[in-house]
Amino acid sequence: MEVLEIVLPVLAMIILGILCRKWKLLDQSGVNNMKTLVTNIMLPVAIFHALATAEYSGKIGILVLIMFVMLLISFGAGFWMKRFMDEPYKKYLPFLICIYEGGMMAYPLYTSLCGSENLSQIAVLDIAGLLFGFSVYMGMLGQTENGEKINAKSLFYSALRTPAFIGTVLGIIV
């Protein structure tokens, strides 16, 4: 019964989404607006709240550092492995093997399983992924997609304009 209490709302939302598309209640513009709402407002607020209410220790700092180093190593391995890949996929390989999903998938799932009051427990494990993902990863992916040369200054300013990155930094500070 506990599993059904968790799974049924998720299934209901999926079915509701399918019905909205079938009955043409939402067009692509509506979907794009919801994506913008979630990625630019709801996710950054959830990240901020989770990190602002988290308890930090030296062990957490060491764990975040180790995870950040591992993200950089796997990202670098992706660049090394590009030589084995054919075009047009070659340029995307580093982005496929280095990041893990936290916010959009893990946060809602963890909240439904463990309660929103416990979200900060998993959020501290996601700090490295958040900082890396919403700065280096997303910035370089955008530059790669646009055919631009990788520019560190541009990456820095891009991160400062990313709501999830801002939410992460402010949440840690608070």
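Residues numbered from 1 in each chain as written. Predicted model: local features only at pLDDT ≥ 70, side-chain atom pairs only at ≥ 80, totals over all residues. Heavy atoms only, no water.

Regarding the overall build of the protein chain
- Scanning the protein chain for helices and strands turns up 9 helices and 0 strands.
- The N-to-C order of helical and strand elements in the protein chain reads α-α-α-α-α-α-α-α-α.
- In terms of principal-axis extent, the alpha carbons of the protein chain reach across some 50 × 45 × 30 Å.
- Across the 174 residues in the protein chain, those meeting the buried criterion constitute 29%.
- Across the protein chain, the fraction of contacts at a sequence separation of at least 24, relative to all contacts at a separation of at least 6, is 68%.
- With the model as given, the accessible surface of the protein chain reaches about 11,600 Å², and the carbon-plus-sulfur share is 70%.
- Where the 12 positive side-chain charges of the protein chain centre and where its 11 negative ones centre are 12 Å apart. (Helix = DSSP H or I, 4+ residues; strand = E, 2+ residues; numbered from the N terminus. Buried < 20%, exposed > 50% of the residue type's maximum accessible area, 1.4 Å probe, protein only. Contact = heavy atoms within 4.5 Å. Areas by Shrake-Rupley, 256 points an atom, 1.4 Å probe, with all protein chains shown as cover. Lys, Arg positive; Asp, Glu negative; His and termini not counted. Charge placed at Lys NZ, Arg CZ, Asp CG, Glu CD.)

Section: the nonpolar core
- Ranked by size, the top nonpolar core spans 27 residues in total, and within it I47, L51, F75, Y107, L119 and F132 carry the most contacts.
- Of all the elements in the fold, those that place two or more residues in this core are α2 (28-52), α3 (58-81), α5 (106-114), α6 (119-123) and α7 (127-145).
- Here this core gets 6 residues from one element, more than from any other, and that element is α7.
- Leave out the neighbours within four places in its chain, and L119 touches A46, A50, Y107, Y110 and T111. (Core = buried A, V, L, I, M, F, W, Y, C linked by side-chain atoms within 4.5 Å.)

Section: the side chain of S135
- Positionally, S135 belongs in helix α7.
- From its side chain, S135 meets the backbone oxygen of L131 in a polar contact 2.4 Å long.
- In this view, S135 contacts L155, A159 and F165; residues no more than four positions away in its chain are not counted. (Polar contact = N/O pair within 3.5 Å; in protein donor to acceptor, adjacent residues only side chain to side chain.)

Digging into the confidence of the model for the protein chain
- Mean pLDDT for the protein chain: 87, with 99% of residues reaching 70 or above.
- Between the elements of the protein chain, mean pLDDT differs from a low of 78, seen in α5, to a high of 95, seen in helix α9 (residues 163-173). (pLDDT = per-residue confidence, 0-100.)

Description of the packing of aromatic side chains
- Using the criterion set out here, one finds 7 aromatic pairs in the structure.
- When the centroid spacing of 5.5 Å and the interplanar angle of 65° are considered together, the rings of F75 and F95 count as edge-to-face. With F75 in helix α3 and F95 in helix α4 (residues 93-97), this residue pair connects regions lying 20 residues apart in the sequence.
- An aromatic cluster is present here, built from F68, F75, F79, F95, F132 and Y137 joined pairwise through their rings. (Phe/Tyr/Trp six-rings, centres within 6.5 Å; stacked < 30°, edge-to-face > 60°.)

Here we look at the packing of α3 against α7
- The N-to-C vectors of α3 and α7 enclose an angle of 30°; their axes lie 8 Å apart at closest approach. When the axes of α3 and α7 are compared, the pair comes out roughly parallel. Read as a crossing pair, α3 and α7 show a hand that is right-handed. Side by side, α3 and α7 meet where V64, M67, F68, L71, L72, F75 and F79 of the first sit next to I127, A128, G129, L131, F132, V136 and M140 of the second.
- Per-class residue counts for the contact of α3 with α7 are 13 nonpolar, 1 polar and no charged. (Axes fitted to C-alpha atoms, helices over the stretch in contact; angles between N-to-C directions. Parallel < 35°, antiparallel > 145°, perpendicular 65-115°, else oblique. Left-handed = near helix turned anticlockwise from the far one by under 90°. Nonpolar A, V, L, I, M, F, W, Y, C, P; charged D, E, K, R; others polar.)

So, a nonpolar patch on the surface
- Taken together, the side chains of M1, V3, L4, V7, L8, V10, L11, M13, I14, I15 and I18 define a hydrophobic patch exposed on the protein surface, amounting to about 1,100 Å² of accessible area.
- With respect to the helices and strands, V10 occurs in helix α1 (residues 2-22). (Patch = residues over 30% accessible without salt bridge, like charges linked within 9 Å, V, L, I, M, F, W, Y side chains within 5 Å. Salt bridge = Lys/Arg side-chain N within 4 Å of Asp/Glu carboxyl O.)

Structural notes on unusual backbone geometry
- One non-glycine residue, K24, adopts positive backbone phi at about 60°.
- Looking at the secondary structure, you find K24 in the loop between α1 and α2.

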